[in-house]
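Letter by letter, the chains look like this.
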Amino acid sequence: MATFLYRLGRGAFRRRRFVALLWVALLFAAGFGAATASAPTSGSFSIPGTEAQKAFDLLEQRFPGMTANGATARIVIKAPDGAKVTDPAPKAQVEKIVSGLKGGAGAAQIASVDDPYQSKAISQDSRTAYISTKYKVSGMELTDATREALKESGKDAQAAGLTVEIGGDALMEAPETGSGEVIGILIAAVVLVITFGSLIAAGLPLLTALIGVGIGVSSITALANVLDLGSTTSTLAMMIGLAVGIDYALFIVSRYRAELAEGRERDEAAGRAAGTAGSAVVFAGLTVVIALVGLAVVNIPMLTKMGFAAAGTVVIAVLVALTLVPAILGFAGKKVLPAGTKSRLFGKGKPAGAEPKANGGTRWARFVLRRPVIVLLAGLIGLGAVAIPASKLEMGLPDDGAKPTSTSQRRAYDLLSEGFGPGFNGPLMVVVDGDKALADKTAERIKGLDGVAVVMPPVQNGAKDAAIVSVIPKDRPSSVETEDLVHSIREGNGKDVFVSGQTAMNIDFSQKMNDALLPYLALVVGLAFLLLMLVFRSVLVPLKAALGFLLSVVAALGAVVAVFQWGWLGSLFGVEQTGPIMSMMPIFMVGVVFGLAMDYEVFLVTRMREAYVHGERPGQAVVTGFQYSARVVVAAAVIMIAVFSGFLGASDAMVKMIGFGLAVAVLFDAFVVRMAIVPAVLALLGHKAWWLPKWLDRILPNVDVEGESLRKHLGEAAHGPDKDRELVDA
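A quick note: this is a predicted structure, and the numbers were derived from the prediction, not measured.

Peer 1: Lay out the overall build of the protein with the relevant residues and their values.
Peer 2: Along its length, the protein carries 26 helices and eleven strands. Of the roughly 29,800 Å² of accessible surface on the protein, a fraction of 60% belongs to carbon and sulfur atoms.

Peer 1: Describe the nonpolar core, with residues and values.
Peer 2: Within the largest apolar cluster, 176 residues are counted, with the highest numbers of intra-cluster contacts made by Y248, Y256, L303, F549, I587, F588 and F644. With 20 residues, helix α23 (residues 653–685) is the largest single contributor of residues to this core. Setting aside anything within four residues of it in sequence, one finds Y256 in contact with F13, R266, A269, A270, A273, L329, G333 and V336. One finds I77, A129, L142 and A157 within the second-largest nonpolar core, a separate group that totals 25 residues.

Peer 1: Could you give an account of helix α18 (residues 480–491), naming the residues involved and the relevant values?
Peer 2: Along its twelve residues, α18 runs 17 Å from first to last C-alpha, staying within 8% of the 16 Å computed at 1.5 Å per residue. When α18 is considered as a whole, its buried residues turn out to be T482, L485, V486, I489 and R490. All buried residues of α18 fall inside an arc of 130° around its axis, so they share one side.

Peer 1: I'd love a proper account of the sheet that holds strand β1 (residues 72–78), names of residues and values included.
Peer 2: In spatial order, the strands read β2-β3-β1-β4; together these four strands make up an open sheet with antiparallel pairing. Each edge of the open sheet carries a strand with a single partner, namely β2 (110–113) and β4 (163–167). Taken pair by pair, the neighbouring strands of this sheet meet at an average axis angle of 20°, ignoring direction. Its contacts with the sheet put helix α16 (residues 408–420) on β1, β3 (128–135) and β4, and the angle it makes with β4 is roughly 110°.

Peer 1: Go over the side chain of D669 with me, naming the residues and quoting the values.
Peer 2: For D669, the location among the structural elements is in helix α23. When residues no more than four places from it in sequence are discounted, the contact partners of D669 are G548, F549, S552, A597, Y600 and R674.

Peer 1: Describe the packing of helix α11 (residues 233–261) against helix α21 (residues 585–613), naming the residues involved and giving the relevant values.
Peer 2: Contact geometry for α11 and α21: axes closest at 12 Å, N-to-C directions at 5°. Taken as axis vectors, α11 and α21 run roughly parallel relative to one another. Residues L236, I240, V244, D247, Y248, F251 and R255 of α11 pack against F588, V592, L596, D599, Y600, F603 and R607 of α21. A breakdown of the residues in the contact of α11 with α21 according to their chemical character gives ten nonpolar, no polar and four charged.

Peer 1: Kindly report on the pairing of strand β9 (residues 467–473), identifying the contributing residues and their values.
Peer 2: Judged by how many residues are buried, β9 sits mostly within the fold: six of seven residues are covered. Taken together, the five bridges between strand β6 (residues 428–432) and β9 define a ladder with antiparallel strand orientation. By the bridge assignment for β9, V432 is matched with A467. As paired strands, strand β7 (residues 452–455) and β9 are joined by three bridges and run antiparallel to one another.

Peer 1: Give a description of the environment of R445 that names residues and reports values.
Peer 2: You can see R445 is positioned in helix α17 (residues 436–447). The class of R445 is partly exposed, set by a relative accessible area of 29%. Remark: the alpha-carbon pair of R445 and I489, spanning 44 residues in sequence, is separated by 8.6 Å.

Peer 1: Just give me the short version of the packing of aromatic side chains, but keep the residues and values in it.
Peer 2: Counted according to the given criterion, the structure contains eight aromatic pairs. Their ring planes at 70° and their centres at 5.7 Å tell us that F549 and F594 sit as a pair that is edge-to-face. Here the residue F549 occupies a position in helix α20 (residues 540–565), and F594 occupies one in helix α21, the gap between them amounting to 45 residues. Each member of the aromatic cluster is reached from another via a ring pair, and the members are Y130, F420 and F424. The positively charged end of R16 is found above the aromatic ring belonging to F13, 5.2 Å away from the centroid. For R74, the ring lying beneath its charged end belongs to Y130, and the centroid distance is 4.8 Å.

Peer 1: Which residues make up the environment of S112, and what values do they have?
Peer 2: Mapped onto the fold, S112 is located in strand β2. In the structure, S112 is positioned 23 residues away from Y135 in sequence and 7.0 Å away in space, judged by C-alpha atoms. Once residues within four sequence positions are removed from consideration, S112 is found in contact with S132, T133 and K134.

Peer 1: Requested: an account of the packing of α18 against helix α19 (residues 502–536), with residues and values cited.
Peer 2: The interhelical angle for the contact between α18 and α19, taken along N-to-C directions, is 95°, at an axis separation of 10 Å. As summarised for this structure, α18 and α19 are arranged roughly perpendicular, according to the angle between their axes. Residues T482, E483, V486, H487 and R490 of α18 lie in contact with α19, whose contacting residues are T503, A504, I507 and D508. Here the residues of the contact of α18 with α19 sort into three nonpolar, three polar and three charged.

Peer 1: So, the pattern of salt bridges: which residues are in play, and what are the values?
Peer 2: Between side chains of opposite charge, a pair can form when the charged atoms approach closely. All chains considered together, the criterion is met by 22 salt bridges. Ionic pairing is found between E165 and R411, a salt bridge with its closest N-O pair at 2.9 Å. Here the residue E165 occupies a position in strand β4, and R411 occupies one in helix α16, the gap between them amounting to 246 residues. By relative accessible area, R411 is classed as partly exposed at 33%. Across the salt bridge formed by E601 and R674, the nearest N and O atoms sit 2.6 Å from each other. Note that E601 is positioned in helix α21 and R674 in helix α23, a separation of 73 residues in sequence.

Peer 1: Can you explain the pairing of β6? Please cite residues and give values.
Peer 2: Along β6, five of the five residues are buried, which leaves the element largely enclosed by surrounding structure. Residues L428, V430 and V432 of β6 are buried on one face, and the alternating residues M429 and V431, pointing to the opposite face, are buried as well. For β6 and strand β10 (residues 497–500), the ladder comprises four bridges, and the chain directions are antiparallel. Looking at β10, one finds that M429 is bridged to S500.

Peer 1: Quick rundown of a nonpolar patch on the surface? Include the residues and the values.
Peer 2: Together, V373, L377, I381 and L684 line one region of the surface with nonpolar side chains, adding up to about 380 Å² of accessible area. Residue contributions to the nonpolar patch peak at three residues, all from helix α15 (residues 372–387). Mapping I381 onto the fold places it in helix α15. Among the residues examined, I381 registers a relative accessible area of 60% and is labelled exposed.

Peer 1: For the side chain of Q109, give the residues involved together with the corresponding values.
Peer 2: Of note, Q109 is situated in the loop between α4 (88–103) and β2. On the basis of relative accessible area, Q109 is assigned to the buried category, the value being 16%. The contacts of Q109, once residues within four sequence positions are left out, are Y135, K136, V137, E141, L142, T143 and T146.

Peer 1: Can you tell me about unusual backbone geometry, naming the residues and giving the values?
Peer 2: The backbone phi angle of N299 is positive, close to 65°, even though this residue is not glycine. For N299, the location among the structural elements is in the loop between α12 (266–293) and α13 (301–332). Overall, the relative accessible area of 43% leaves N299 in the partly exposed class. Of note, R537 is a non-glycine position whose phi angle comes to about 50°, a positive value.

Cut-offs applied
- Residues numbered from 1 in each chain as written.
- Predicted model: local features only at pLDDT ≥ 70, side-chain atom pairs only at ≥ 80, totals over all residues.
- Heavy atoms only, no water.
- Helix = DSSP H or I, 4+ residues; strand = E, 2+ residues; numbered from the N terminus.
- Areas by Shrake-Rupley, 256 points an atom, 1.4 Å probe, with all protein chains shown as cover.
- Core = buried A, V, L, I, M, F, W, Y, C linked by side-chain atoms within 4.5 Å.
- Buried < 20%, exposed > 50% of the residue type's maximum accessible area, 1.4 Å probe, protein only.
- Contact = heavy atoms within 4.5 Å.
- Expected span 1.5 Å × (residues − 1).
- Arc of directions from axis to C-beta.
- Pairing = 2+ DSSP bridges.
- Axes fitted to C-alpha atoms, helices over the stretch in contact; angles between N-to-C directions.
- Parallel < 35°, antiparallel > 145°, perpendicular 65-115°, else oblique.
- Nonpolar A, V, L, I, M, F, W, Y, C, P; charged D, E, K, R; others polar.
- Phe/Tyr/Trp six-rings, centres within 6.5 Å; stacked < 30°, edge-to-face > 60°.
- Lys NZ or Arg CZ within 6 Å of the ring centre and 35° of its normal.
- Salt bridge = Lys/Arg side-chain N within 4 Å of Asp/Glu carboxyl O.
- Patch = residues over 30% accessible without salt bridge, like charges linked within 9 Å, V, L, I, M, F, W, Y side chains within 5 Å.

Right, dumping it as structure tokens:
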């Protein structure tokens, strides 16, 4: 592989105009496809095999006029102090809203509008009422006219002194990330400038990463409706694509500059950079892709599509690093070198072969070697303490109560909670596959359960062979009490009664994610162990890497629980409402952090193994690895943390939480696990760290991520630039 990548990188360098033109053409093609595609929908949400999904399927069969994926809206009206919504003037305004929705601009997309005076949707103190509106399509498919009609429906009532707020997913819009991601990119640029000492070298990884992300996100947007991709898919793909795109280009450019410092010609340096660092990029990218694609084992279509879309963006980032980066290096010439060709990264311009001055990585490695036990214990105790909150992890999906108080959805949620109780924000839908007698019997049994506020009379379908019983819990949708109520209703049901609704669907989703977490974790850790055994030809080094990955993930989950579930420092990160952790957060974080952790492990430890194989003692090999790789790994980690942290400003709760979780996970994994625990463990193990049974060594194929065979081949075959060219053209 190293030889192939050497030829690919050198070929891209030589044919840089063609390669650059090809990538620009791909960017324009993807952009054109995104611009001409229809607006993406919210994505269908299904959980095969769960009771809630069975109920939705039954609804589609027995109640043809209803659609499980249709948007809903609740217009909540509250009378001013001293007045009631049943008074003549407020009542006239409420009825005006109802008639306006039924006959307004968006009426064609409306399935039903409930009059609160007929449906008895009025609070006990008669100060609050709500109008339930159901649509034929999802929130993202509503036309601008329909959405605008909904927003304007209560303007006259507000002018008359009533408080009017709108909740539900009918006002759903694509998640906004604000300026946070721009700030993250700017921080990444500053880190690159400090690392390289050259604006050209710093701008190159940013440029190529943005091109790769542009192609990936535009392709997702263009295919969103065809593949039924959710509105957050492109945001998450952008988050991951930016981080890995910048890092992969950083590794290639760093190695290219190192080859130039050795006195090699520019095209030769580009080829060797692609053959050595490029091999590690391919391996690191492969681990991320496998982890993301592996999300398919959870068997939730939405999560599977999200994983595949993000994996596609990572593949593009790898291809960009291997082809477009060498091509642009060809255009940049020697401008990628710092002023006076003195690079802090490569010995400040000293002649090739001169002993480089000890840098920060060297000094840190020597410190760890002198005190390995203290460093190891400090790292383990520190991460262990941060991981403690993870033992109290509660999973769920956010509702309007998790939105900022500045939104109408959150204010409507609060008004409903005040007027009717928090359970009105998450009604349960009990679907009865039977006649009226069975439906009445089911309703009576539910009334006797704890945690029930209201049980509506059964509503039968036209054929009288199915019915819907609406149940209002006492507690808010994401509470443990509501989850217990759902389980209580299901325990007494026969095979013809199902509990569904958005709240029950969220509970089933969380349960399925929880059940899949340990098997997926075992799959990922097992994969990490096997892949790293191939790379490092060792048993203990992969074991240490896998255990370190587990430690960093659990610690990151602990931090997420402390901030988003318990509210510690919540105001600092824009958390206005605490609650259960996003159901997909743990498993998604495991997949992504696994790939990123393997990035750092590969780029840091391959240098150590290379030095050890060439005869250095274990301790000195650790120092050598840090001398050449620590600065680049630190820069890569800071860039990833900056990019992920930029998404803390997102309006979508899921994007905000994932951005925080990934930033913290990278912080722990790069700076505590890889930079402290790893060298401490290797120092304590000594020669045993690189032990591999001879029979296993014969069986395992030689991956050669560090490009040792390539350098040996070039060293044996090359006797000058002409001979090198013969090797490449062969």
